[in-house]
Amino acid sequence: QVQLVESGGGLVQAGGSLRLSCAASARSFNMYSMGWFRQAPGKGREFVGVIDRRGDSPYYGLSVKGRFTISRDNAKNTVYLQMSSLKPEDTAVYYCAADQDGLRLGDRPNYYDYWGQGTQVTVSS
């Protein structure tokens, strides 16, 4: 079992920035693709972005492309989501997830094997 713990959420003004972290308890962290999803009240879980096991191929959802950046530090077993130019519609619970296929850039929740508990991001206008 892989445990994932998100942190860094909070309240931020529109136009501001926030950095989320996801720490993984896994010896083979470098074998997983790592994704970020978000879920707002009354909506389904939306794809935000994913990064392959080596960090060579980030891939983003259209709603965040150009504003968010995924990175990872395999030495620290941590993946990051840097969020800039935040909008009120970015308000959601943000989840990180691990995919055992470390070469896949999965954009749907069913591709992922492990999930964190989520961290709340609220963007005020």
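Above this text you will find the structure in question.
Here the structure is a predicted model, which is why all the values come from computation and not from measurement.

1. A few points about the overall build of the chain
Counting its regular elements, the chain contains zero helices and 11 strands. Computed over C-alpha atoms, the radius of gyration of the chain comes to 13 Å, within 12% of the 14 Å expected from 2.2 N^0.38 for 125 residues, which places it in the range of a compact globule. Oriented by its inertia axes, the alpha-carbon framework of the chain measures out at about 40 × 25 × 25 Å. Buried residues in the chain amount to 46% of all 125 residues. For the chain, long-range pairs separated by at least 24 residues make up 59% of all intrachain contacts whose partners lie at least 6 apart in sequence. Carbon together with sulfur atoms contributes 45% to the accessible area of the chain, which is approximately 6400 Å² in total. Counting 14 positive and 11 negative side-chain charges, the chain places the averaged centre of each group 2 Å from the other.

2. Regarding the pairing of strand β8 (residues 78–83)
With five of six residues buried, β8 is to be regarded as a mostly interior element. Judged from the six bridges that link them, strand β3 (residues 18–25) and β8 form a sheet pairing that is antiparallel. Residue pairing in the sheet places Cys22 in a bridge with Val79 of β8. Relative to β8, strand β7 (residues 68–73) is paired through six bridges, and the arrangement is antiparallel. Residue pairing for β8: Phe68 is matched across the bridge by Met83.

3. What about the nonpolar core?
Formed by 30 residues in total, the largest nonpolar core has its most connected members in Leu4, Met34, Trp36, Leu81, Met83 and Tyr94. Breaking this core down by element, the ones donating at least two residues are β3, β4 (33–39), β5 (46–51), β7, β8, β9 (92–99) and β11 (119–124). Filtering out sequence-adjacent residues up to four positions away, Met83 remains in contact with Gly16, Ser17, Leu18, Leu20, Arg67, Phe68, Tyr94 and Val121. One finds Phe47, Val50, Ala97 and Tyr112 within the second-largest nonpolar core, a separate group that totals five residues.

4. Some details on the side chain of Thr78
Structurally, Thr78 is set in strand β8. Of note is the side chain of Thr78, whose polar atom sits 2.9 Å from the backbone oxygen of Lys76. The contact partners of Thr78, leaving out residues within four places of it in the chain, are Ser21, Cys22, Ala23, Phe29, Arg72 and Asp73.

5. Things to note about the sheet that holds β8
Taken in spatial order, the four strands line up as β1-β3-β8-β7 in an open sheet, and their pairing is antiparallel. The outermost strands of the open sheet, each flanked by one partner alone, are β1 (3–7) and β7. Pairs of neighbouring strands in the sheet enclose a mean axial angle of 15°, with direction left out of account.

Cut-offs used in this document
- Residues numbered from 1 in each chain as written.
- Predicted model: local features only at pLDDT ≥ 70, side-chain atom pairs only at ≥ 80, totals over all residues.
- Heavy atoms only, no water.
- Helix = DSSP H or I, 4+ residues; strand = E, 2+ residues; numbered from the N terminus.
- Rg over C-alpha atoms; globule rule 2.2 N^0.38 Å.
- Buried < 20%, exposed > 50% of the residue type's maximum accessible area, 1.4 Å probe, protein only.
- Contact = heavy atoms within 4.5 Å.
- Areas by Shrake-Rupley, 256 points an atom, 1.4 Å probe, with all protein chains shown as cover.
- Lys, Arg positive; Asp, Glu negative; His and termini not counted.
- Charge placed at Lys NZ, Arg CZ, Asp CG, Glu CD.
- Pairing = 2+ DSSP bridges.
- Core = buried A, V, L, I, M, F, W, Y, C linked by side-chain atoms within 4.5 Å.
- Polar contact = N/O pair within 3.5 Å; in protein donor to acceptor, adjacent residues only side chain to side chain.
- Axes fitted to C-alpha atoms, helices over the stretch in contact; angles between N-to-C directions.

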